[in-house]
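Chain by chain, the residues:
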Amino acid sequence: MKRLVLCLLLLLASSLFTRAFANAVVVSNVERVGASQVRFSVSWENSWRVGGAPGNHDAVWVFVKFRRCDSNDPQFSHALLSTTMADHTVSAGLAFAQNITTTDRLGNAGNHNTGAMVRRSTEGIGHISGETVTLAVVGATDGNTFEQNVDYEIRVYAIEMVQVPQAAYWAGDVAGPLTYKLYY
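Residues numbered from 1 in each chain as written. Predicted model: local features only at pLDDT ≥ 70, side-chain atom pairs only at ≥ 80, totals over all residues. Heavy atoms only, no water.

(A) Just the pairing of strand β3 (residues 57-68), in detail. Summarising the sheet, β3 and strand β9 (residues 152-163) pair through 12 bridges and their orientation is antiparallel. Each bridged residue has a counterpart across the sheet, and for Arg-67 the counterpart in β9 is Glu-153. Inspection of the sheet shows β3 paired to strand β7 (residues 116-120) by 3 bridges, in the antiparallel sense. Residue pairing in the sheet places Val-62 in a bridge with Ala-116 of β7. Bridging between β3 and strand β4 (residues 77-81) involves 2 bridges; their strand directions are antiparallel. Along β4, the bridge assignment pairs Phe-66 with Ser-77. (Pairing = 2+ DSSP bridges. Helix = DSSP H or I, 4+ residues; strand = E, 2+ residues; numbered from the N terminus.)

So this is what it looks like as structure tokens:
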């Protein structure tokens, strides 16, 4: 009986949040190009980029993992990307939201070049569909290399993110009960 009540409460709670939108980020057509590049297509729904105040946008954090095809090791290496932005390309509908660097947001050195943030190239709203991204791999966080004459199983992952400029902002939906004013 307790389990049934708990399940009903969870079902009720999930129905209260029907206005939340998952934006269906999809990575497809992953392939190795040349000695050290990985090319893929990325799509997501409800993309947006605001040019004036507050100057925010959504973006997709993409990162690459790989492992040798001739290995029995189930672990994937997390790829390190080139910090030379000219080594990477995106199709016309996308742009890099920031440069790839080896330092974190506070300037601390390390292997922070583990992914790239891509966003729509122009201001606007709408779906991003089948845009191409090519990233240059220069190594891995575990020290493995991405060798030219070795076959790899390659996986690309993408997570939608939102750029919120440093300032006071509202979190939540002003029409709902979960509205808070936050200060960054």
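From this point, the narrative continues.
(B) Structural detail: the environment of Glu-153. Residue placement: Glu-153 occurs in strand β9. For the pair Glu-153 and Arg-68, spaced 85 residues apart in sequence, the C-alpha separation works out to 6.2 Å. Discounting residues that sit within four places of it in the chain, Glu-153 has contacts with Lys-65, Phe-66, Arg-67, Cys-69 and Phe-76. Within polar-contact distance, the side chain of Glu-153 engages the side chain of Arg-155 at 3.0 Å. (Contact = heavy atoms within 4.5 Å. Polar contact = N/O pair within 3.5 Å; in protein donor to acceptor, adjacent residues only side chain to side chain.)

(C) Structural context of the packing of aromatic side chains. For the coordinates displayed, the defined rule picks out 4 aromatic pairs. With a centroid separation of 5.3 Å and an interplanar angle of 20 degrees, the aromatic rings of Phe-63 and Tyr-157 are classed as stacked. Taken as a pair, Phe-63 in strand β3 and Tyr-157 in strand β9 lie far apart in primary sequence, 94 residues in all. By relative accessible area, which is 13% here, Phe-63 ends up buried. Residue Tyr-157 is classed as partly exposed on the basis of its relative accessible area, which comes to 32%. With centroids separated by 4.9 Å and ring planes inclined at 70 degrees, the aromatic side chains of Phe-66 and Phe-146 adopt a geometry described as edge-to-face. Of this pair, Phe-66 sits in strand β3 while Phe-146 is found in the loop between β8 (124-140) and β9, placing the two residues 80 residues apart along the sequence. The residues Phe-66 and Phe-146 share a single accessibility class, namely buried. An aromatic cluster is built from Phe-66, Phe-146 and Tyr-152, whose rings are joined through pairwise contacts. Here Arg-32 stacks its cationic end above the ring of Phe-146, 4.4 Å away from the centre of that ring. (Phe/Tyr/Trp six-rings, centres within 6.5 Å; stacked < 30°, edge-to-face > 60°. Buried < 20%, exposed > 50% of the residue type's maximum accessible area, 1.4 Å probe, protein only. Lys NZ or Arg CZ within 6 Å of the ring centre and 35° of its normal.)

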